[in-house]
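Residue-level listing of the chains:
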Amino acid sequence: MVSSDSCSNPFRRLTCSFLDLIDVDDHFLALGGDSISGELHGTSLPRDANLASLAMSVSRFLSQAGSPVKTQDVLKSNSIRELALALESRETRGSSAEALPSNRSRGSRKTPSVDEVLSEYGFDLANRSRIISVHHSTPFQSRTTSSLFTLPWKPYLYNLFAEIGGYEHSDENLDPQRLLSAWRATITRHPILRTAIPLTKAGAAAHQFILDESAVSSGMFEVGVEEEALKASIEKTEHVKSSLSSTTLTPPLWLDLYVTSTKKVYMHLLMGHMLIDHVSLAHVLYDWDVFYRGASSLLKEAGCLPSFASYVDDVESRDPSVSTDFWARRLRGAEPTILGPRPGTFDSGEKLAIGADAMSAVNFKIDIDAEMDKYCRSTRVTVSNLLQFAWGVLLSAYTGQASVCFGHLASDRDIDISNADEIVGPMLTVLITHVLLEGQVEEVIRKLQADNTDSMAHKVFNLSAIEQGLGLQLPRRPLFNTLVNYRKVKRSGPEPVMKLRSLLKQDPHEVSHEILVGHNAGATCPEYIIAYI
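Every chain begins its residue count from 1, and numbering advances along the sequence as written. Side-chain atom pairs in this predicted model are given and counted only at pLDDT of 80 or more, local residue features only at pLDDT of at least 70, and totals for whole chains, interfaces and linings cover all residues. Side-chain figures throughout are based on the complete set of non-hydrogen atoms in the structure, without hydrogens or water.

As for the overall build of the protein chain
When its secondary structure is counted, the protein chain shows 16 helices and 14 strands. Expressed as a percentage of the 533 residues in the protein chain, the buried residues total 50%. Considering only contacts within the protein chain whose residues lie at least 6 apart along the sequence, 77% involve residues at least 24 apart. As displayed, the protein chain offers around 24,600 Å² of accessible surface, 51% of which is attributable to carbon and sulfur atoms. Counting from the N terminus, the helices are the DSSP runs of H or I reaching at least four residues and the strands are the DSSP runs of E reaching at least two. Summary of the burial criterion: residues with accessible area below 20% of their type's maximum are buried, those above 50% are exposed, and those between are partly exposed, where the area comes from a 1.4 Å probe applied to protein chains only. Contacts: residue pairs with any heavy atoms within 4.5 Å of one another. Each accessible area value is a Shrake-Rupley result obtained with a 1.4 Å probe; residue values ignore everything except the protein chains displayed when judging cover.

Comments concerning the confidence of the model for the protein chain
With 69% of its residues at a pLDDT of 70 or more, the protein chain has an overall mean of 79. The predictor reports its confidence for every residue as pLDDT, a score running from 0 up to 100. Of the regions scoring below 50 in pLDDT, residues 1-7 engages in 12 contacts with residues more than four places distant in sequence or in other chains. Low confidence marks residues 342-357, where pLDDT is under 50. Its contacts with residues over four positions away, or in another chain, come to 22 contacts.

Digging into the sheet that holds strand S1 (residues 131-136)
Spatially, S1-S4-S3 is the arrangement adopted by the 3 strands of the open sheet, whose pairing is antiparallel. Edge positions in the sheet fall to S1 and strand S3 (195-196), since each of these pairs with one other strand and no more. Here S3 pairs with strand S4 (residues 207-211) via 2 bridges, running antiparallel. If you follow Ala-196 over to S4, its bridge partner there is Phe-209. One requirement defines pairing of two strands: DSSP has to find at least two bridges between them.

A short note on the pattern of salt bridges
The term salt bridge refers to a pairing of a side-chain nitrogen on Lys or Arg with a carboxyl oxygen on Asp or Glu at a separation within 4 Å. A complete count under the given rule lists 15 salt bridges for this structure. Note that Asp-412 and Arg-318 form a salt bridge whose closest N and O atoms lie 3.0 Å from each other. With Asp-412 in the loop between strand S9 (403-411) and strand S10 (428-436) and Arg-318 in the loop between helix H11 (308-316) and helix H12 (320-330), this residue pair connects regions lying 94 residues apart in the sequence. Arg-318 carries the same exposure label as Asp-412, and that label is buried. We note a salt bridge from Glu-443 to Arg-446, for which the minimum N-O separation is 3.0 Å. With Glu-443 and Arg-446 both in helix H15 (residues 441-455), this residue pair falls 3 residues apart, about one helical turn. Among the residues examined, Arg-446 registers a relative accessible area of 31% and is labelled partly exposed.

Here's the deal with the sheet that holds strand S5 (residues 217-222)
Pairing is mixed in the open sheet, where 5 strands are placed in the order S5-S6-S7-S2-S12. Each edge of the sheet is formed by a strand with only one pairing partner; in this case those strands are S5 and strand S12 (499-506). Within the sheet, the average angular offset between the axes of one strand and its neighbour, ignoring direction, is 20 degrees. Each axis is a line fitted through C-alpha atoms, and for a helix only the stretch in contact is used; angles between axes span 0 to 180 degrees, taken between their N-to-C directions.

Quick notes on the packing of aromatic side chains
Working definition: rings of Phe, Tyr and Trp (its six-membered ring) pair if their centres are within 6.5 Å, and the pair is stacked with planes under 30 degrees apart, edge-to-face with planes over 60 apart, and tilted otherwise. All chains considered together, the criterion is met by 10 aromatic pairs. Relative to Tyr-266, the ring of Phe-161 lies with its centre 5.6 Å away and its plane at 0 degrees, an arrangement referred to as stacked. On the criterion of sequence distance, the pair formed by Phe-161 in strand S2 (residues 158-165) and Tyr-266 in strand S7 (residues 265-271) is long-range, its members being 105 residues apart. By the burial criterion, Phe-161 is buried, and Tyr-266 matches it. Seen from their ring centres, Phe-308 and Tyr-311 are 5.5 Å apart, and the 45 degrees between their planes marks the pair as tilted. Linking Phe-308 with Tyr-311, this pair stays in helix H11, spanning 3 residues, or about one helical turn. By the burial criterion, Phe-308 is buried, and Tyr-311 matches it. Three or more aromatic residues joined by ring pairs form one cluster here, namely Tyr-121, Phe-123 and Phe-209. As a reminder, the over-ring test applies to NZ of lysine and CZ of arginine, requiring each to be within 6 Å of the ring centre and within 35 degrees of the ring normal. The ring of Trp-327 is capped by Arg-330, whose NZ or CZ atom sits 5.8 Å from the centre of that ring.

A look at the packing of helix H13 (residues 370-379) against H15
Interhelical geometry of H13 versus H15 gives an angle of 75 degrees and a closest axis separation of 11 Å. One element, H13, and the other, H15, form an angle in the roughly perpendicular class. Contacts between H13 and H15 involve Tyr-375, Ser-378 and Thr-379 from the former and Val-441, Glu-442, Ile-445 and Arg-446 from the latter. When its residues are assigned to classes, the contact of H13 with H15 shows 3 nonpolar, 2 polar and 2 charged. Here roughly perpendicular refers to angles of 65 to 115 degrees, roughly parallel to angles under 35, roughly antiparallel to angles over 145, and oblique to all remaining angles. Here the term charged refers only to Asp, Glu, Lys and Arg, the term nonpolar to Ala, Val, Leu, Ile, Met, Phe, Trp, Tyr, Cys and Pro, and the term polar to all other amino acids, Gly among them.

And the structure:
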């Protein structure tokens, strides 16, 4: 039985807060709580219940109450009672049985001075005046930056061309010059948007340079019609890709506005994954809208925002060697899983197209109906893990392997930083799903979920070292070339007035094939996209 002391404070407040929705012995996933889909289902629990994103909500509630809990703790524990017992046992032992990444002092690895870094990179000291500060890069930033510069045949930039609207009820026409000024104010507000990550002489993406506002490229151009604007954006993408340099202090961020003769305004945004994730992009677009409307009083003072640098310090406080050892053990004996190229693609040494035809995509929808919902609750699995299992089955069918590996993109916002969801920057990691398709189906799915839950404690690791330890030759023969990305982004707070009508959107990763699940708020079923290069 759980002691009264262990439940009397945060745990009792938690259950009392949602007394009509959850009991101390209710199974989280049987209720329909999904750490990814962020919904609760069932006859007694409405879809708009306050326990959305249950695992994250529970962990944050308890952390704020002084009981440090991570999402994986909630997923490993079936109920509030089991969670209390687990944490009570942890406090009694003083440490967990399994080695976990140690929390060293924040930012424990010394950051060299700007002058030292300039010398290491061989940059002209004349660049010194443009540099505000220097920080270490996160493993995700390092890997994505290296991919951008070493895999030049891939259009490895987020690419969005859209019409700007939403202000039709305003007395004034859309003012492109004011839009551009508002964008520059947004750049000033968020240091990550003016960050460059060049490669060292040895080819490493070790540091990120925060630059002044003049470093970011933005412009405005007049065109006749929409088609001309789209064509110009494709030409801009080709120019950017052909002129990328790994040895210059240039942030991988470009925004151009195109104004037609009928005063329609289009935006073209190119941005590297090493600067932003989709949670951050929602914040950036909201801030841009607020600055355009002259309503900056609605925003927090920039100095009061949680900074991406604080996240970098958090990453630096973790011991990657423990997590790298964890993954090396987990993947021992794993086979590379490579999904073959589509017909007509080029060899890996040749450049592919980098314009509108650079990526191909197949869009489809799967309705998460009552039967699927019932299956997930009865099996005690999340929709995300069920989707990953299905992808593993598909990979097995196409490769003939019973043992398959693929990446899955995971958020790293479940950390001990206040208001981490407000941080603008790429708080992401690529974890590895290894599925052995032997035995009973439900047991395989449950093991996949248990493995994924364990891996959440090991988000900072050296994937390249693990691949090399398996005897793989990079970049020609990686461990996997497919990625599952289950994305559910809903910005907390008011929605922007600005609306974007997307006409061209590409969001590639360094892998050849990505299955992207976009679950928009209010949608009855998620949209699935298989993108491949």
